[in-house]
Amino acid sequence: MAEENGQDERLYQDEVDYDEEEEEILDEDMIEDEVDDDDGMDGEIAVAEEEEGAGQGGAGADQGKGQMLYIPGIGYIPLSSLGGLGQGLNLGGARQTQAAPNPEGEREWKGFGEMPLVTQQSIMDLAEALEEDEKKDLTILIIGKGGTGKSSTTNSLLNEKAANVLTFQQDNTRPIVYSRRAPSGFVLHVIDTPSLLDQDAVSEGRLEAVAKCIKDREVDAVLFLDRLDEYSVGTTDKALIEGVTRFFGPAIWTNTVLCFSRGDESSAPPGIDFYDHVAQRENQVKNAIVSAGGVSADMASALIENSSRCPTNADGEKIVAGDVPWIADVLEKVVEVALNNAPYEYSPEAAQKASNPNRRRKWLIPLVLAAQIGAKFLLDKLLDDDGCKGDENGPFDSQTIKERRAELKEEKEERRREKQRKAASSSSSNPLADLDDDDDDDILPGNNNDDDDEWDDDDFADE
């Protein structure tokens, strides 16, 4: 029994010594290295100081040396003890993160070769049509409010993960131009923009950022994005459209293709036909554009579906309702706009002048005035003739009608003579007008009667 007690004491003493030694080692490591405990992960990485001079060749062999992993409830364990599992961990967090490359600048279009062959052929045909019109590139500006899928549409058109798509977060804070060069030499420029709204108000700063981005740049087509699963154009939407019109001028809508994201049939309200809903949404947005001073009569529209669950056809193309391959459909409508309209060029002076409501449709003023005068003349004539034909007691006979018309004619003539007498009386009561008339007579050739001049002077003095 005593032997067992002695053995337990020795085991307990060894355990205590081991714990004290481990605690000393951990205290020294924590003094040397600062551990970030604010990343919210279950385990935090503590990166120990390593001696410099180790080449990249030895980096793979020494992966995990000098690094400890802290797990709550267990403590620190050497990262090297995890084997291959430790190599996949993010060591050092943000401290080892490299700066993201600049997304702007012309690059080889890698996503083009990964598109379905039918889509590639469609793009090549469109590029040839542009080349016949002496266009070797195509610039697309994507604008709209947040959450409509602008960045996702950019990625879909390029078939690359070029733009950052941030779910439930604020999107890009500035416009970014993605330029991709196809194997044929054709260059596609897609300008992804931030939301033009700051909460529920139009952001003047973001409008200025977009204007600065497209200044001195020809924009062939604009994609204005809205969501199909919304059922009305609210006050904020109208303010956004008015802000775009005011800042960029009504001319921007001439080059616009209206696009609705979430273009699957589930976006229609229950009990409403899908195509009726699409037509209603188009009319709502187009009416808002017209109310803001833009033109939407010939504006094309398209459906977009960026979801990974978007169905595909036999050729692998993403399709929307009606089995329409939407990427090729959008690009076809963009090229049609580019071929039939001059490129949009931003000019602050021209935009301000065109969007000024005081200058809008001023050419209609003379026509409206002429129409009002003509309508008044016709209405007066009809009323006079109606008064000659009868009164509240009934119609007149033919003889009475003739007499009433003669009386009416005499009354009009009398009113005309009365106006002439009043005009003559007002002019004769103005001595300056008489003096001016006499002076004009004096300077006429052959009119040098001194007696008349003296009489005029005396007459003026008496008055």
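Please read these numbers as outputs of a predicted model, since none were measured by experiment. (Residues numbered from 1 in each chain as written. Predicted model: local features only at pLDDT ≥ 70, side-chain atom pairs only at ≥ 80, totals over all residues. Heavy atoms only, no water.)

A count of helices and strands for the protein chain gives 12 helices and 16 strands. Of all 463 residues assigned to the protein chain, the portion counted as buried reaches 33%. Long-range pairs, those at least 24 residues apart, make up 66% of the contacts in the protein chain between residues at least 6 apart in sequence. Split by element, the accessible area of the protein chain, about 29,800 Å² in all, is 49% carbon and sulfur. (Helix = DSSP H or I, 4+ residues; strand = E, 2+ residues; numbered from the N terminus. Buried < 20%, exposed > 50% of the residue type's maximum accessible area, 1.4 Å probe, protein only. Contact = heavy atoms within 4.5 Å. Areas by Shrake-Rupley, 256 points an atom, 1.4 Å probe, with all protein chains shown as cover.)

This paragraph deals with a negative patch on the surface. Side chains of Asp125, Glu128, Glu131, Glu132, Asp133 and Glu134 sit close together on the surface and give a patch of like negative charge. Locating Asp125 in the fold gives a position in helix H2 (residues 117-132). The partly exposed category is assigned to Asp125, whose relative accessible area is 38%. (Patch = residues over 30% accessible without salt bridge, like charges linked within 9 Å, V, L, I, M, F, W, Y side chains within 5 Å. Salt bridge = Lys/Arg side-chain N within 4 Å of Asp/Glu carboxyl O. Lys, Arg positive; Asp, Glu negative; His and termini not counted. Charge placed at Lys NZ, Arg CZ, Asp CG, Glu CD.)

The next point concerns the sheet that holds strand S6 (residues 176-181). Here we have seven strands laid out as an open sheet, ordered S4-S6-S7-S5-S10-S11-S12, and mixed in their pairing. Looking at which strands have only one partner, the edges of the open sheet turn out to be strand S4 (106-108) and strand S12 (300-303). Averaged over all pairs of adjacent strands, the angle between strand axes in this sheet comes to 25°, irrespective of strand direction. Direction of pairing for S4 relative to S6: parallel, over a ladder of three bridges. The partner of Arg107 across the bridge, within S6, is Arg180. (Pairing = 2+ DSSP bridges. Axes fitted to C-alpha atoms, helices over the stretch in contact; angles between N-to-C directions.)

Looking now at the environment of Pro116. Within the secondary structure, Pro116 is located in the loop between S4 and H2. A residue is classified by how much of its surface remains accessible, and Pro116, at 22% relative accessible area, is partly exposed. Placed 200 residues apart in sequence, Pro116 and Gly316 show a C-alpha to C-alpha distance of 5.9 Å. Contact partners of Pro116, with chain neighbours within four places excluded, come to Asp315, Gly316 and Glu317.

Summarising burial for strand S7 (residues 187-192): six of the six residues are buried, a large majority. Residues Val187, His189 and Ile191 line one face of S7 and the alternating positions Leu188, Val190 and Asp192 line the opposite face, and both faces are buried. Pairing geometry for strand S5 (residues 137-144) and S7, over six bridges, is parallel. Looking across to S7, one finds that Asp137 is bridged to Val187. Relative to S7, S6 runs antiparallel, the two being bridged by six bridges. Directly across from Val177, in S7, lies its bridge partner Ile191. Connecting S6 to the next strand, S7, in antiparallel fashion are five residues, including Gly185 with a positive phi near 100°.

Any aromatic ring pair is given by two values, namely how distant the centres are and how the planes are angled relative to each other. The tally for this structure, following the rule as stated, stands at six aromatic pairs. Relative to Trp253, the ring of Phe224 lies with its centre 5.5 Å away and its plane at 75°, an arrangement referred to as edge-to-face. Here Phe224, found in strand S10 (residues 221-227), pairs with Trp253, found in the loop between helix H5 (235-248) and strand S11 (256-261); they are 29 residues apart in sequence, far enough to count as distant. Trp253 matches Phe224 in its accessibility class, with the two residues each being buried. Aromatic side chains Phe274 and Tyr275 sit 5.4 Å apart centroid to centroid with 80° between the ring planes, which places their arrangement in the edge-to-face category. Aromatic rings pair up to connect Phe247, Phe248 and Tyr346 into one cluster. (Phe/Tyr/Trp six-rings, centres within 6.5 Å; stacked < 30°, edge-to-face > 60°.)

Remember, this is a structural readout, not a statement about activity or role.
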